[in-house]
There are 6 protein chains.
Amino acid sequence: MATVRLWSDAEVEGDPAVKAVFDDIRRTRKSDFVNNFWRGLANDPAQLKRTWESLKAIMVEPGAIDPLTCELIYMAVSATNNCSYCIHSHTAAARQKGMTEAQYGHFLQIVGMAAQTNALVTTMQIPVDEAFQVNG
Amino acid sequence: MATVRLWSDAEVEGDPAVKAVFDDIRRTRKSDFVNNFWRGLANDPAQLKRTWESLKAIMVEPGAIDPLTCELIYMAVSATNNCSYCIHSHTAAARQKGMTEAQYGHFLQIVGMAAQTNALVTTMQIPVDEAFQVNG
Amino acid sequence: MATVRLWSDAEVEGDPAVKAVFDDIRRTRKSDFVNNFWRGLANDPAQLKRTWESLKAIMVEPGAIDPLTCELIYMAVSATNNCSYCIHSHTAAARQKGMTEAQYGHFLQIVGMAAQTNALVTTMQIPVDEAFQVNG
Amino acid sequence: MATVRLWSDAEVEGDPAVKAVFDDIRRTRKSDFVNNFWRGLANDPAQLKRTWESLKAIMVEPGAIDPLTCELIYMAVSATNNCSYCIHSHTAAARQKGMTEAQYGHFLQIVGMAAQTNALVTTMQIPVDEAFQVNG
Amino acid sequence: MATVRLWSDAEVEGDPAVKAVFDDIRRTRKSDFVNNFWRGLANDPAQLKRTWESLKAIMVEPGAIDPLTCELIYMAVSATNNCSYCIHSHTAAARQKGMTEAQYGHFLQIVGMAAQTNALVTTMQIPVDEAFQVNG
Amino acid sequence: MATVRLWSDAEVEGDPAVKAVFDDIRRTRKSDFVNNFWRGLANDPAQLKRTWESLKAIMVEPGAIDPLTCELIYMAVSATNNCSYCIHSHTAAARQKGMTEAQYGHFLQIVGMAAQTNALVTTMQIPVDEAFQVNG
């Protein structure tokens, strides 16, 4: 159970600021379904608006990285942060954006490999090679 | 400073099992440079071999995900795990594989956004929507 | 399900060392309710006593930080550590100590913002400014 | 060393979008000093603007939580995320906003206690008490 | 619910590559029971084989560290990574390998203590003593 | 640089409460060397005393787990929490208590393997088998 109230559609209808964001989510995603994350954020309309606008700018509008790769990066962060909800929602989103099972298998291999080498490097406290210390 | 000895090229030359892996790293990467991670792993030749073979299979050989996207996923995990060494080495690798500064900017936006929404979801303990609970 | 047995009140009654701690928890909190955490720790009476005495000294007895702020800090750590149980119990405690919904909304904003900037800083490996390197 | 270029004041002067944000940071903080985080974000003017505006709304403008408590929450998240840069910058900010050494001592006690009980709860997989499952 | 399909025994029978690994798991563990982790990995036979072979080499075959201590280390990592599944499976494995309740109690004390001092050290940003900077 | 002052021996001499703890550390460890962690904690004598007494009870006094295994568990938690200081100090302590390089190699293998399987399990959201849900 959440630590906050999840807004029903009826409650959303009664609050113009929240309704405006929900309408934009539905329009943008071309779907009536609005997931629980936004229903929890609705308790703070300013935070709801700021979060949706950032997410839309970063994950929906055309950018330098294609939409499926965006989801794979989001999944990688969410998995490493152990956010069960986010793993479920972004794995679903990736599949909707065309992730094949072969790609998902490769993704899992990379995430497991990175977690392993991260742990080995950290435990051995390997110093950064000079060759890597050249920035942008 | 590392908690293990980092093997010099001279030491590598004197151990056939370690040398075989270092030779394959050099051949595969078409470069003489072998970074500190492998020089630390060299203390355990079996672990060195197993780790390199997995990494080669997952990150070098052709797979369902293209090489640059593989690096972006690796970077996302490494950043979230706070592995300074891995962030440096895989950001360098991504640039070598063609990551543009616009792509890196977009990558940073996604990593920041995911970390933020992960934290919000976790703090509010949002329950997973039924709609997301449909597996492969 | 827990990996340890959670002690019932009847079991607590039968062990004087555990009972002494449970009695003090009830007296201190002016409530009969003793939550599952202590029922799990009861398997190790010495650890139970040490943990309760530290918690009481830090979170109950008057200190330099007021009780509600103490809970907000506890919540921030628990959320970042992804401890579902601790998020629930300390959010409830904060509400009991007077946290308003406006304060909770602000808290969520800060936790999300901090998680985002932490991730950005770590991914970019920003070096600490000299100006910050002046200690107490 | 950062994985991105840190913008010098001269470079900032040459980019109106970046300069506008830096000017607002200086005006808002009543100080000429702009720390490295913003100099790294400057590589992506849109992200720089969005991040500063969110931070200003959440951490500078009057809100339901007082400025010093905001910093303590930010420090707690940053410490738990192991963000060395953020720990340094927000501990400095908290001291500037009046954090006493007694308060800092109490803060450390809470952060250590929370980390300990988080670990105990997670290792024992303690189930959430029904009493805590009452939301907002 | 998992984000992948968990293979039933009937499905395993129909795929020789997966069956070979499951047969070896059953033979090695002298038990018919194969837990869900392997049923999820079965979707990628190469990853299944590689993971089982590494696990067998590290956790089953005789090594420099005795089997129970191996499990305690595995449990410590899994608890700190907050992997609920892994905490359950490796705590069960440790008990099967002879972990007493007194040892489990001591284990919990160490995990809690380490989490606490890790948090204190990180928050205070304590620099590594020269005395500790002598590697292998 | 630390965010707190690290107490010199001269300062310790001038504060009886701090001196009493430092004297006990030296006596217990049969060594004059007191590492930086305690010099940082010295700013809060009550926290210093409580932390040392817990550490001594858990890590020094005879318990159900032998001293070297205690250090391996401590190292595993510290590595997973990415506490550089703690990794260095407890790896040094483990070597002092007799950890061989073969044992350290095996330890690294386990830590890497656990991190990898933790990540795979979490990403796939594998449900806990009923067989594991039998507690103490």
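Note that the structure is a prediction, hence the values are computed from the model and not measured.

This paragraph deals with the overall build of chain A. Along chain A, the regular secondary structure elements total seven helices and zero strands. In chain A, the succession of α and β elements from N to C terminus is α-α-α-α-α-α-α. Relative to the 2.2 N^0.38 estimate, which gives 14 Å for 136 residues, the radius of gyration of chain A is 19 Å and therefore markedly larger than a compact globule would have. Across its three principal directions, the C-alpha atoms of chain A cover 60 × 35 × 30 Å. Every one of the 136 residues in chain A was classed for burial, and the buried ones make up 60%. Across chain A, every contact between residues at least 6 apart in sequence was considered, and the portion connecting residues at least 24 apart equals 48%. Here chain A displays about 5,100 Å² of accessible surface, and carbon together with sulfur accounts for 54% of that area. Taking the average place of the 12 positive charges on the side chains of chain A and the average place of its 15 negative ones, the gap between the two points comes to 6 Å.

When chain A is fitted to chain B, the best match, at an RMSD of 0.0 Å, comes from turning it 180° and sliding it 0.0 Å along the axis. In short, the pair behaves as if placed about a two-fold rotation axis. Comparing interface residues between copies, 100% of those in chain A also lie at the interface in chain B; the contact surface is shared.

Residue and element names in this part refer to chain E. The contact between helix H2 (residues 16–29) and helix H4 (residues 45–60) brings their axes to 9 Å, and the two run at 20°. In this view, H2 runs roughly parallel relative to H4, as classed from their interaxial angle. You can see that H2 and H4 cross each other, and the crossing is left-handed. Side by side, H2 and H4 meet where Ala 17, Val 18, Val 21, Phe 22, Asp 24, Ile 25, Thr 28 and Arg 29 of the first sit next to Pro 45, Leu 48, Lys 49, Trp 52, Leu 55, Lys 56 and Val 60 of the second.

Quick look at the packing of helix H4 (residues 45–60) of chain C against helix H5 (residues 67–80) of chain C now. All names here are of chain C. The interhelical angle for the contact between H4 and H5, taken along N-to-C directions, is 120°, at an axis separation of 9 Å. In terms of axis orientation, H4 runs oblique to H5. Residues Leu 55, Ile 58 and Met 59 of H4 touch H5, and the partners they reach there are Cys 70, Glu 71 and Tyr 74. By residue class, the composition of the contact of H4 with H5 is five nonpolar, no polar and one charged.

A complete count under the given rule lists 65 salt bridges over all chains for this structure. Two residues, B:Glu71 and B:Lys97, come together in a salt bridge whose shortest N-O distance is 3.0 Å. Highlighted residues: B:Glu71 in helix H5 (residues 67–80) and B:Lys97 in the loop between helix H6 (84–96) and helix H7 (101–124), separated in sequence by 26 residues. The salt bridge partner of D:Glu101 is D:Arg95, with a shortest N-O separation of 3.1 Å. Given a relative accessible area of 44%, D:Glu101 falls into the partly exposed group. One network of salt bridges, in which partners are shared, links A:Asp9, A:Arg26, A:Asp32 and A:Arg39.

We now examine the state of the cysteines. Scanning the model with the defined rule gives six disulfides over all chains in all. Paired by a disulfide, B:Cys83 and B:Cys86 hold their sulfur atoms 2.2 Å apart. Here the S-S torsion is close to 45°, and the disulfide linking B:Cys83 with B:Cys86 is therefore right-handed. Summary of cysteine pairing: C:Cys70 is not part of a disulfide, and the nearest cysteine sulfur, belonging to D:Cys70, is at 16 Å.

Here the structure, examined in full by the defined rule, presents 30 aromatic pairs over all chains. With a centroid separation of 6.3 Å and an interplanar angle of 15°, the aromatic rings of A:Tyr104 and A:Phe107 are classed as stacked. In this pair, A:Tyr104 and A:Phe107 are both assigned in helix H7 (residues 101–124), three residues apart and thus about one turn of the helix distant. A:Phe107 matches A:Tyr104 in its accessibility class, with the two residues each being buried. The interplanar angle of 80° and the centroid separation of 5.9 Å between the aromatic rings of E:Phe33 and F:Phe132 together place this pair among those described as edge-to-face. Residue E:Phe33 is located in the loop between H2 and helix H3 (36–41), and its partner F:Phe132 is located in the segment after helix H7 (101–124); the two belong to separate chains.

Chain A puts 64 residues into the contact, and the matching count from chain B is 64 residues. For the pair chain A and chain B, the summed buried area comes to about 5,900 Å², and 74% of that belongs to carbon and sulfur atoms. Counting the contacts that link chain A with chain B gives 22 residue pairs in polar contact (both at pLDDT 80 or more). At 17 residues, H7(A) tops the list of elements feeding residues into the side of chain A that touches chain B.

What follows concerns the side chain of A:Ser89. Here A:Ser89 shows up in helix H6 (residues 84–96). Separated by 3.4 Å, the side chain of A:Ser89 and the backbone oxygen of A:Cys86 make a polar contact.

A word on H4(E). All names here are of chain E. Look at H4: 21 Å from first C-alpha to last across 16 residues, which is about the 22 Å you get at 1.5 Å a residue. By the burial criterion, the buried members of H4 are Gln 47, Leu 48, Thr 51, Trp 52, Ser 54, Leu 55, Ile 58 and Met 59. Viewed end-on, H4 has its buried residues packed into an arc of 170°, placing them on one side of the element.

On to the side chain of F:Thr3, then. With respect to the helices, strands and loops of the structure, F:Thr3 is situated in the segment before helix H1 (9–13). Since its relative accessible area comes to 3%, F:Thr3 is described here as buried.

This paragraph deals with unusual backbone geometry. Residue and element names in this part refer to chain A. In this structure, Lys 30 is a non-glycine residue whose phi angle is positive, near 50°. Along the polypeptide, Lys 30 turns up in the loop between helix H2 (16–29) and helix H3 (36–41). Residue classification places Lys 30 among the exposed positions, given a relative accessible area of 75%.

With that settled, consider the confidence of the model for chain A. Where the model shows low pLDDT, its predicted coordinates should not be examined in detail. Averaged over every residue, the pLDDT of chain A is 96; residues scoring 70 or more account for 98%. Among the prediction metrics, the complex's ipTM stands at 0.96, with pTM recorded as 0.97.

What follows covers the environment of B:Arg26. Residues and elements named next belong to chain B. As for its position among the elements, Arg 26 is in helix H2 (residues 16–29). With 95 residues separating them along the chain, Arg 26 and Val 121 place their C-alpha atoms 44 Å apart. Aside from chain neighbours lying at most four places away, what touches Arg 26 is Asp 9, Ser 31, Asp 32, Val 34 and Arg 39. Within the local environment of Arg 26, its side chain forms a polar contact with the side chain of Asp 9, the two groups lying 3.1 Å apart.

Time to look at the environment of D:Tyr85. Looking at the secondary structure, you find D:Tyr85 in helix H6 (residues 84–96). For the pair formed by D:Tyr85 and D:Phe37, sequence separation is 48 residues and the distance between their alpha carbons is 8.7 Å. If near-sequence neighbours (up to four positions away) are discounted, D:Tyr85 is found in contact with C:Val121, C:Ile126, C:Pro127, C:Val128, C:Asp129, C:Phe132, D:Asn35, D:Asn36 and D:Phe37. In terms of polar contacts, D:Tyr85 uses its side chain to reach the side chain of C:Asp129, at 2.6 Å.

Conventions and cut-offs
Residues numbered from 1 in each chain as written. Chains lettered and ligands numbered in written order. Predicted model: local features only at pLDDT ≥ 70, side-chain atom pairs only at ≥ 80, totals over all residues. Heavy atoms only, no water. Helix = DSSP H or I, 4+ residues; strand = E, 2+ residues; numbered from the N terminus. Rg over C-alpha atoms; globule rule 2.2 N^0.38 Å. Buried < 20%, exposed > 50% of the residue type's maximum accessible area, 1.4 Å probe, protein only. Contact = heavy atoms within 4.5 Å. Areas by Shrake-Rupley, 256 points an atom, 1.4 Å probe, with all protein chains shown as cover. Lys, Arg positive; Asp, Glu negative; His and termini not counted. Charge placed at Lys NZ, Arg CZ, Asp CG, Glu CD. Least-squares fit on C-alpha atoms with pLDDT ≥ 70 in both. Axes fitted to C-alpha atoms, helices over the stretch in contact; angles between N-to-C directions. Parallel < 35°, antiparallel > 145°, perpendicular 65-115°, else oblique. Left-handed = near helix turned anticlockwise from the far one by under 90°. Nonpolar A, V, L, I, M, F, W, Y, C, P; charged D, E, K, R; others polar. Salt bridge = Lys/Arg side-chain N within 4 Å of Asp/Glu carboxyl O. Disulfide = S-S within 2.5 Å. Phe/Tyr/Trp six-rings, centres within 6.5 Å; stacked < 30°, edge-to-face > 60°. Buried area = accessible area lost by both parts, 1.4 Å probe. Polar contact = N/O pair within 3.5 Å; in protein donor to acceptor, adjacent residues only side chain to side chain. Expected span 1.5 Å × (residues − 1). Arc of directions from axis to C-beta. pLDDT = per-residue confidence, 0-100.

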